[in-house]
Amino acid sequence: MDAVAVCRERCWKNDWVVDLDIRAFFDSVPQDLMLKAVRHHSDQHWVVLYVERWLKAPTRRPDGTLVPRVKGTPQGSPISPCLANLFLHYGLDAWMERTFPTVPFERYADDEVIHCVSERQARFVRDAVARRLVEVGLELHPDKTRIVYCKDSNRRGNYEEISFTFCGYTFRPRQARNKRTGEVFTAFLPALAPEKLTAMSRRVTSWRLHRRTTHDLGDLAAAINPVLRGWFAYFTAFYPSAVIPLGKRIDRHLMRWARWKYKRLARSAKRARVWLRGVQTRNPELFAHWRYRTAES
């Protein structure tokens, strides 16, 4: 959230962004350079030994065969984001500070954006970064790396790319309101990325809550609240209204559960909706997402 907040402020100050996408970073990062960075920060032999074992552990295919790993880090491993930060600190961050000391940027693991004052500067920096990544065994994705214009009410002109995604938030022109005057205007703001909303909605569907009719609402809340707290705490930090569709979807699954569990609700979606609103009124803290919105169909 800190990175997203800083990115938002810098988008207000700089008109252009280079949205970097490193092609298959976790599959292609050179292991020898990764271990060199680890050795620079630890003189403990066992630390380097275990990192090397994690990096070189073979991949098991569905048929049981093992494929040796000669580059990259295991995706999904808790250590991989940590190693990514370590590698890119030397591979990119320190280089950016030396080469472009006045150009601000934010990075989280392999997700990075660079802020520029002009389109010309953005193209120059993008090309320089591409050459630098080749030096450390990486490559910019030619189609996914884009130059974005931070369009708002005060910035004239048009550009093909006016949005980018960083840390699960999509930055683009959005309607905003001046709290003091009530004036409506367009600002360049972050909100929950549509692809993240889709992924979370699919996750909720995969829980198949309506089939858990042997459980009560307290059991359901205990099962899903740890996930919901994380989602809503993070994605309501900026432009929280974008998360409302997810809350509505969760409530629809709860209503479906109620119609499967209680005969008196089975034939009436309206009655199930009224029932759920009553539960929320009596116990508004039961489900984690209820603190962010009222129950709706």
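Up top is the structure these notes are about.
Residue numbering note: each chain is counted from 1, following its sequence as written. Given that the model is predicted, a residue must reach a pLDDT of at least 70 before its local features are reported, and side-chain atom pairs must reach 80 or more before they are shown or counted; all residues, however, enter totals for whole chains, interfaces and linings. Excluded from the side-chain calculations are hydrogens and water; all other atoms, namely the structure's heavy atoms, are used.

> How should I be thinking about the overall build of the protein chain in this particular structure?
Secondary structure elements are defined from DSSP: runs of H or I of at least 4 residues count as helices, runs of E of at least 2 residues count as strands, and each element is numbered from the N terminus. Each helix and strand counted, the protein chain has 10 helices and 9 strands in total. The C-alpha extent of the protein chain, read off along each of the three principal axes, is 70 × 60 × 35 Å. Expressed as a percentage of its 297 residues, the buried residues of the protein chain come to 43%. Contacts between residues were defined by any pair of non-hydrogen atoms, one from each residue, lying within 4.5 Å. Pairs at least 24 residues apart make up 62% of the contacts formed inside the protein chain by residues separated by at least 6 positions. For the protein chain, the exposed surface amounts to about 16,900 Å²; the carbon and sulfur share of it is 51%. A distance of 11 Å separates the average location of the 52 positive side-chain charges in the protein chain from that of its 31 negative side-chain charges. For every residue, the accessible area (1.4 Å probe, protein chains only) is compared with the maximum for its type, and the residue is labelled buried under 20%, exposed over 50%, or partly exposed between those bounds. Areas reported as accessible are Shrake-Rupley estimates using a 1.4 Å probe. Residue values count occlusion only from the protein chains shown. His is not counted here, nor are the chain ends, while Lys and Arg score as positive and Asp and Glu score as negative. Each charge is placed at NZ for Lys, CZ for Arg, CG for Asp and CD for Glu.

> I'm lost on the sheet that holds strand β8 (residues 169–177) in this one. Help?
The strands making up a sheet associate through hydrogen bonds between their backbones, and the pairing can be parallel or antiparallel. Two strands qualify as a pair provided that DSSP identifies no fewer than 2 bridges between them. Across the sheet, 3 strands lie side by side as β7-β8-β9; this open sheet has antiparallel pairing. In the strand order of this sheet, the two ends are held by β7 (164–166) and β9 (184–192), each with one partner. The sheet shows a mean angle of 50 degrees between the axes of neighbouring strands, direction not considered. Direction of pairing for β8 relative to β9: antiparallel, over a ladder of 9 bridges. Bridge pairing in β9 places T170 opposite A191. Orientation is described by axes fitted as lines to C-alpha atoms, over the contacting stretch for helices, and by angles from 0 to 180 degrees between their N-to-C directions.

> Quick question: what am I supposed to make of the pairing of β8 here?
Within a regular strand, the side chains alternate between the two sheet faces. Across 3 bridges, the pairing between β7 and β8 is antiparallel. Across the sheet, T165 pairs through a bridge with T170, a residue of β8. Counted along the chain from β7 to the antiparallel partner β8, the turn is 2 residues long, and its residue C167 has a positive phi close to 55 degrees. From the end of β8 to the start of β9, which pair antiparallel, there are 6 residues, and G182 there has a positive phi angle of about 80 degrees.

> Quick question: what am I supposed to make of the environment of A3 here?
Position of A3 among the secondary structure elements: in helix α1 (residues 2–13). Sequence-wise, A3 and F105 are 102 residues apart; in three dimensions their C-alpha atoms are separated by 9.6 Å.

> What is the right way to read the pairing of strand β5 (residues 111–116) from this model?
Burial analysis of β5 places 5 of its 6 residues in the buried class, which makes it a mostly covered element. Note that strand β1 (residues 16–21) and β5 share 6 bridges and pair antiparallel. When the bridges of β5 are listed, L20 appears paired with E112. As paired strands, strand β4 (residues 105–108) and β5 are joined by 4 bridges and run antiparallel to one another. Residue pairing in the sheet places R107 in a bridge with E112 of β5.

> What am I meant to see in helix α4 (residues 45–56) here?
Structural remark: α-helix, 3.6 residues per turn; residues separated by three or four positions point the same way. The end-to-end C-alpha distance of α4 is 17 Å, a good match for the 16 Å that 12 residues give at a rise of 1.5 Å each. What α4 keeps buried is the set V48, V51 and L55. When α4 is viewed along its axis, its buried side chains cluster within an angular range of 65 degrees and face the same direction. Every exposed residue of α4 that faces more than 90 degrees away from the buried side is listed here: H45 and W46. Looking at the buried positions of α4, the neighbouring elements they touch are α3 (31–41) and α5 (79–99). Expected span of a helix, by definition, is 1.5 Å for each gap between consecutive residues, and there is one gap fewer than residues. It is the directions from the helix axis to the C-beta atoms that the arc portrays.

As far as function goes, none of this settles anything; it's purely spatial.
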